[in-house]
Amino acid sequence: MSKKPKIYMSRCFGFDKCRYDGKDFFCDFAENLKKHAEIIHWCPEIAIDLGCPREKIRVIRIDEKNLLFQPETGKFWTEKMLEYSNNYLETLINIDGFFLKAKSPSCGVKNTKLFEGKSEKIISYEASGFFAERVLALFPDTPVLTEEDLKEKEKTQDFLKKVFLKYGRIPACFAGFFS
Ligand code: SF4
């Protein structure tokens, strides 16, 4: 058994300026995870050649199906993202947790906007991104957290316990979530 837990993390948490606007995102929690876990990181949108910076994509609902759509270009990225996600996730083994970027049409976990068709009407704020959706389906027993979930102490505690306890104890830098 490895001495550290193995975590998959969205790459824009300080590994690369891979967000649609060419920026990254700073998160204390992610920085602490990096110190205490073995991190695997990648960006699904870069992986499917959306480029950076890029026009935003979004999750839209048409005929009771969620699709990945890029309004500026009129292109759908659904199939490419699903194919990438399934193929990539099949290669991940012994993962102890996923820390994903909230609200993203790719990485968001139950906190991503869902639009009605190609309109600007938002019909839900609780959809998941396409990559995250595959994570939830393929790793049902592995804890998944986003930076938005850090507002929920119990959810964060549960994630930390599941990730760290089998390797020993929870690092002191996360004590604030248990006080
Ligand atoms: S949220 Fe996911 S898809 Fe978006 S930039 Fe970060 S890693 Fe890439």
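As the structure is a prediction and not an experimental result, all values here were calculated from the model. (Residues numbered from 1 in each chain as written. Predicted model: local features only at pLDDT ≥ 70, side-chain atom pairs only at ≥ 80, totals over all residues. Heavy atoms only, no water.)

1. A short note on unusual backbone geometry
Only a minority of non-glycine residues have a phi that is not negative, and only a minority of peptide bonds are not trans.
Part 1: P53 follows C52 through a cis peptide bond whose omega is -5°.
Part 2: With respect to the helices, strands and loops of the structure, P53 is situated in the loop between helix 2 (44–47) and strand 3 (58–62).
Part 3: Positive phi is not limited to glycine here, since D49 has a value of about 70°.
Part 4: Here D49 is to be found in the loop between helix 2 and strand 3.
Part 5: The exposed category is assigned to D49, whose relative accessible area is 58%.
Part 6: One non-glycine residue, K110, lies in the positive phi region at around 60°.
Part 7: Note that K110 resides in the loop between strand 6 (97–100) and strand 7 (112–116). (Helix = DSSP H or I, 4+ residues; strand = E, 2+ residues; numbered from the N terminus. Buried < 20%, exposed > 50% of the residue type's maximum accessible area, 1.4 Å probe, protein only.)

2. Observations regarding the environment of R58
Part 1: Mapped onto the fold, R58 is located in strand 3.
Part 2: Taking C-alpha positions, R58 is 9.6 Å from F76, a pair spaced 18 residues apart along the chain.
Part 3: Apart from residues lying up to four places away in sequence, R58 is in contact with L67, L68, F69, P71, P105, F115, S119 and E120.
Part 4: In terms of polar contacts, R58 uses its side chain to reach the backbone carbonyl oxygen of S119, at 3.2 Å. (Contact = heavy atoms within 4.5 Å. Polar contact = N/O pair within 3.5 Å; in protein donor to acceptor, adjacent residues only side chain to side chain.)

3. Some remarks on the sheet that holds strand 4 (residues 65–70)
Part 1: Read across the sheet, five strands follow the order 5-4-3-7-8 without closing on themselves; strand pairing throughout is mixed. Looking at which strands have only one partner, the edges of the open sheet turn out to be strand 5 (75–76) and strand 8 (122–127).
Part 2: Pairing of strand 3 with strand 4 involves five bridges; the strand directions are antiparallel. Across the sheet, the residue bridging to I60 is L67, located in strand 4. (Pairing = 2+ DSSP bridges.)

4. Focus on the site of the ligand
Part 1: Taken together, the neighbourhood of the ligand is formed by 14 residues, with C12, C43, E45, K101 and C107 sitting nearest.
Part 2: Taken together, the residues that form the shell around the ligand break down as six nonpolar, three polar and five charged. (Near = heavy atom within 4 Å. Nonpolar A, V, L, I, M, F, W, Y, C, P; charged D, E, K, R; others polar.)

5. Considerations on the packing of helix 1 (residues 28–36) against helix 5 (residues 153–164)
Part 1: Two elements in contact, helix 1 and helix 5, have axes separated by 13 Å at closest approach and are oriented at 10°. With respect to helix 5, the element helix 1 is oriented roughly parallel. On the side of helix 1, the interface is formed by F29, L33 and H36, while helix 5 contributes T156, F159, L160 and F164.
Part 2: Residues belonging to the contact of helix 1 with helix 5 are distributed by class as follows: five nonpolar, two polar and no charged. (Axes fitted to C-alpha atoms, helices over the stretch in contact; angles between N-to-C directions. Parallel < 35°, antiparallel > 145°, perpendicular 65-115°, else oblique.)

6. Focus: the packing of aromatic side chains
Part 1: Applying the stated criterion to the full structure yields 15 aromatic pairs.
Part 2: Ring centres 5.1 Å apart and planes at 55° place the aromatic pair F29 and F174 in the tilted group. In this pair, F29 sits in helix 1 while F174 sits in the segment after helix 5, placing the two residues 145 residues apart along the sequence. For the pair F29 and F174, one class covers both residues: buried. (Phe/Tyr/Trp six-rings, centres within 6.5 Å; stacked < 30°, edge-to-face > 60°.)

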